[in-house]
Amino acid sequence: MSTQREIDQQLIRTIIFDATRHAANHRIFSIFDGQISMHGSLLKSLERTRCGGIILSTDGMVIEYNGTARSVLESIFDGIDFDKVDLADVGRSLIKKLLAGSQSRINVDNDEWVLIERSDKRPLIMHAFPTLVQNQEGPHTVLVLIDLDDTPQISPIALERIFKMTRAEAKLSVLLSSGITIAESAEVLGISVATARSQLASVFNKTRTNRQAELIKLLGRISLIP
């Protein structure tokens, strides 16, 4: 049976893959100058998957960011009134403070992963990678912020419609996707473990999966559907 850490790691990989794969299908305007942003598509895709996205210039200044990035930073730096400051002005110093707390450094010219521990929450993941097109004054690095306490929620209605699950099977699937065991799920639902296992067998059949870890991987993809 997969541990919560393994589930979190799989979710991270799924989120990054899905956001990047869909980036080319969307475009948004730059929040600063109203011009079409070449990386706005990626920020929008990251927003849809509840990931923070920040675009940095060559000198480390914030060029663009999405709403989730702001929310993540607000939750960490609660002493800052983000309604009165511009992330474009303070973003660089905040990112440095985040990295200082993790005792890690990133090379903005490489693909880097940083784990930022938090005392009262699951870790924050920072993924940094260089942009495909670079120039002296334009975008240079993409920062992806993943708050493991803010994972996408699966819609039981979506499971019912996509896989023809019963309502009970969909509810069980949602609980299992949160990382709890089959026994704990049965207790929450007020059913016997035997009944829960019977429902899980039906879910395996309908989703063409064979193991709980495989099911959770699939459900992680489904949770990205808006």
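Residues numbered from 1 in each chain as written. Predicted model: local features only at pLDDT ≥ 70, side-chain atom pairs only at ≥ 80, totals over all residues. Heavy atoms only, no water.

**Topic: the sheet that holds strand β4 (residues 124–130)**
As summarised here, the arrangement of the five strands in space is β2-β1-β5-β4-β3, forming an open sheet in which the pairing is antiparallel. Two strands close off the open sheet at either side, each with one partner strand: β2 (62–65) and β3 (112–116). Direction aside, neighbouring strands of the sheet carry axes that sit 20° apart on average. Where strand β1 (residues 52–57) meets β2, three bridges bridge the pair, whose relative direction is antiparallel. Following the sheet pairing, I55 is matched in β2 by E64. The strands touched by helix α2 (residues 40–48) are β1, β2, β4 and β5 (139–147); relative to β1, the strand with the most contacts, the crossing angle is about 155°. Sitting on the sheet, helix α3 (residues 67–76) touches β1, β2, β4 and β5, and the angle it makes with β1 is about 95°. (Pairing = 2+ DSSP bridges. Helix = DSSP H or I, 4+ residues; strand = E, 2+ residues; numbered from the N terminus. Axes fitted to C-alpha atoms, helices over the stretch in contact; angles between N-to-C directions. Contact = heavy atoms within 4.5 Å.)

**What about the pattern of salt bridges?**
Considering all chains together, one arrives at seven salt bridges under this definition. D147 is paired through a salt bridge with R118; the nearest N and O atoms lie 2.6 Å apart. Taken together, the residues span a long stretch of sequence, with D147 in strand β5 and R118 in the loop between β3 and β4 at a distance of 29 residues. Each member of the pair D147 and R118 is classed as buried. Its salt-bridge partner being R167, residue E160 comes within 3.9 Å of it at the nearest N-O pair. With a relative accessible area of 57%, R167 lands in the exposed category. Connected through salt bridges with shared partners, the residues R70, E74 and D83 form a single ionic network. (Salt bridge = Lys/Arg side-chain N within 4 Å of Asp/Glu carboxyl O. Buried < 20%, exposed > 50% of the residue type's maximum accessible area, 1.4 Å probe, protein only.)

**A short note on the confidence of the model for the chain**
Chain-level statistics for the chain give a pLDDT mean of 80 and a share of 79% at 70 or above. Taken element by element, the predicted model of the chain shows its lowest mean pLDDT in helix α1 (residues 4–22) (51) and its highest in helix α8 (residues 193–207) (97). In the model, residues 19–36 has pLDDT below 50 throughout and makes 35 contacts with residues more than four positions away in sequence or in other chains. (pLDDT = per-residue confidence, 0-100.)

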